[in-house]
Amino acid sequence: MTTTRFVKLALFGALGLGAFSAPASANPTLLFELNTGKVLAHEDAFKRWYPASLTKMMTAYVAFRAIEAGEVALDSPIRMTRNAVNQPPSKMGFKVGQVMRLDNALKMMMIKSANDVAMAIGENIGGTQADFAKRMNAEAARLGMSGTHFVNPNGLFSPEQYTTARDMALLVTALRRDFPQYNAWYGIEGLAFGKTRIPNYNLLVGRYPGADGMKTGFVCESGFNLIGTATRNGRTLAAVVFGEKNGLARAETVAKLLDAGFATQGQGSATIATLAPYGDTQTPTDLRPVVCKPAEAATQSEASTGPKEEGPKSIYQQKLTDPKLVVVSLGGATGPVPKAMIGRAEYADVPVPGWRPDLPPPVFATSAQGG
């Protein structure tokens, strides 16, 4: 029995949850106390994995740092670039040149998991996707995320974009510790954009007692990832789960981890900062053949909750009866232009009219003072 499997069995076996502790296909997981960093359970915490939209937590962290440094403000304009508009779903579907406030953009990115808006945030703050990725990697290095590398701000698949469960735990801690003023955003139950209602893809929010965040992620190569946090009696736990088969499975796995954590104070002295690396830290796992089989690939998305089954629905499949919605919109960006965008502009793909061939060419008058 490996040390990692023993750590998990010790926690769940003591709670009578042994069946859960030994899944048929073990994926990376990590459960820890947010305030102390104490690790309550972990398995393959240093295994390389594709983060998918968990990436957007780092995009948010870099944005918060930029606000802190005075580069941008919450009401700064985030302009949709051509590259941003061309990103695949999940997306808001805005057009080139449309503008929103940075705070609205961040909420769309975190709750809707909008790839187009995430790219716009990155390019507006960083100047280019590549330059923003450099800032993401610099922050990762500063936070000690030694098994992580970024190439884009939205998490769309690239073999060069990877992370570990332990590194994501460090990022969760940094977000909640360094920028507590934004903590309420992660637990938003849904957004209202005009007449459109946009639910949070994190199925724990509004359903699991005490749930207050944080982020989902999915690409075929990663499977369904989820970081879930919950607070009870002043104690906040965070669970990192990678590679589940659908959105329901990831929610139920995180919920079971949190349940087990709240049922015990935990043992051992390891923290997410002191946990020693172990296992294969270099070889990523590609779940595309498992999660996105040819017959299923077209239907898989962040919103997928698995096949319909007879009998009562899981609580995590039930719609919220009266979700608390936060209004977001375009416009209203009266704050300073991001420093990286000063003097730059992008325009929509509107054809430039040419001279009609059936008419004589125009004659432009000139004067002695200038042409």
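The protein chain carries the name D-alanyl-D-alanine carboxypeptidase in an unreviewed UniProt entry, which gives Aquamicrobium defluvii as its organism.

Chemist: Please provide a residue-by-residue account of the nonpolar core, values included.
Modeler: Formed by 76 residues in total, the largest nonpolar core has its most connected members in Met58, Phe64 and Ile121. Sort the elements by how many residues they give to this core and helix H3 (residues 55–68) lands first, with 9 residues. Apart from the residues lying within four places of it in its own chain, the contact partners of phenylalanine 64 are Leu106, Leu175, Phe179, Tyr182, Trp185 and Tyr186.

Chemist: Tell me what's going on with the state of the cysteines, and back it up with residues and numbers.
Modeler: By the definition in use, this model includes 1 disulfide. Each sulfur in the disulfide pair cysteine 220 and cysteine 292 lies 2.0 Å from the other. Every disulfide takes its handedness from the sign of the S-S torsion; for cysteine 220 and cysteine 292 that torsion is -80 degrees, giving left-handed. On the criterion of sequence distance, the pair formed by cysteine 220 in the loop between strand S7 (211–219) and strand S8 (223–232) and cysteine 292 in the loop between helix H10 (288–291) and strand S10 (325–327) is long-range, its members being 72 residues apart. Each of the two residues, cysteine 220 as well as cysteine 292, counts as buried.

Chemist: Before we move on, can you summarise the side chain of serine 76 with the specific residues and values?
Modeler: Here serine 76 is to be found in the loop between H3 and strand S3 (77–79). For serine 76, a relative accessible area of 0% corresponds to the buried category. Within the local environment of serine 76, its side chain forms a polar contact with the backbone nitrogen of alanine 73, the two atoms lying 2.8 Å apart. Discounting residues that sit within four places of it in the chain, serine 76 has contacts with Met100, Arg101, Leu102, Ala333, Gly335, Pro336 and Pro338.

Chemist: So, the confidence of the model for the protein chain: which residues are in play, and what are the values?
Modeler: Should pLDDT be low for a region, the predicted coordinates there are not to be read in detail. Looking at the protein chain, pLDDT values average 88 and 82% of them are 70 or higher. Throughout residues 13–25 the model reports pLDDT below 50, and contacts reaching past four residues in sequence, or to other chains, amount to 16 contacts. Within the model, the stretch residues 364–371 combines pLDDT values under 50 with 1 contact to residues more than four positions away or in other chains.

Chemist: Explain the sheet that holds strand S5 (residues 190–193) to me, using residue names and the numbers behind them.
Modeler: Strand order across the open sheet formed by 3 strands is S6-S5-S10, with mixed pairing between neighbours. Across the chains shown, the open sheet's two edge strands, defined by having one partner strand only, are strand S6 (196–199) and S10. For this sheet, the mean inter-axis angle between neighbouring strands, taken without regard to orientation, is 30 degrees. Bridge count for S5 against S10 is 3 bridges, and the pairing is parallel.

Cut-offs used in this document
- Starting from 1, residues in each chain are numbered consecutively following that chain's sequence as written.
- Where local features are concerned, this predicted model is filtered to residues with pLDDT of at least 70; where side-chain atom pairs are given and counted, the filter is 80 or more; whole-chain, interface and lining totals use all residues.
- Only heavy atoms go into the side-chain values, all of them from the structure, while hydrogens and water stay out.
- Here, nonpolar core refers to any group of buried Ala, Val, Leu, Ile, Met, Phe, Trp, Tyr and Cys residues whose side-chain atoms link them within 4.5 Å.
- Partly exposed describes any residue whose relative accessible area lies between the buried limit of under 20% and the exposed limit of over 50%, with all areas from a 1.4 Å probe on protein chains only and scaled to the type maximum.
- For the purposes of this entry, the term helix denotes a DSSP run of H or I that reaches at least four residues, the term strand denotes a run of E that reaches at least two, and both are numbered from the N terminus.
- We call two residues contacting when some pair of their heavy atoms lies within 4.5 Å.
- The disulfide definition used here is simple: a pair of cysteine sulfur atoms within 2.5 Å.
- N or O atoms closer than or at 3.5 Å make up a polar contact, with two conditions inside protein: a donor-capable atom paired with an acceptor-capable one, and, for residues adjacent in sequence, both atoms drawn from side chains.
- Per-residue confidence from the prediction method is given by pLDDT, with values spanning 0 to 100.
- When DSSP finds at least two bridges between two strands, those strands are taken to pair.
- Interaxial angles span 0 to 180 degrees and are taken between N-to-C directions of axes, which are lines fitted to C-alpha atoms, for helices over the stretch in contact.

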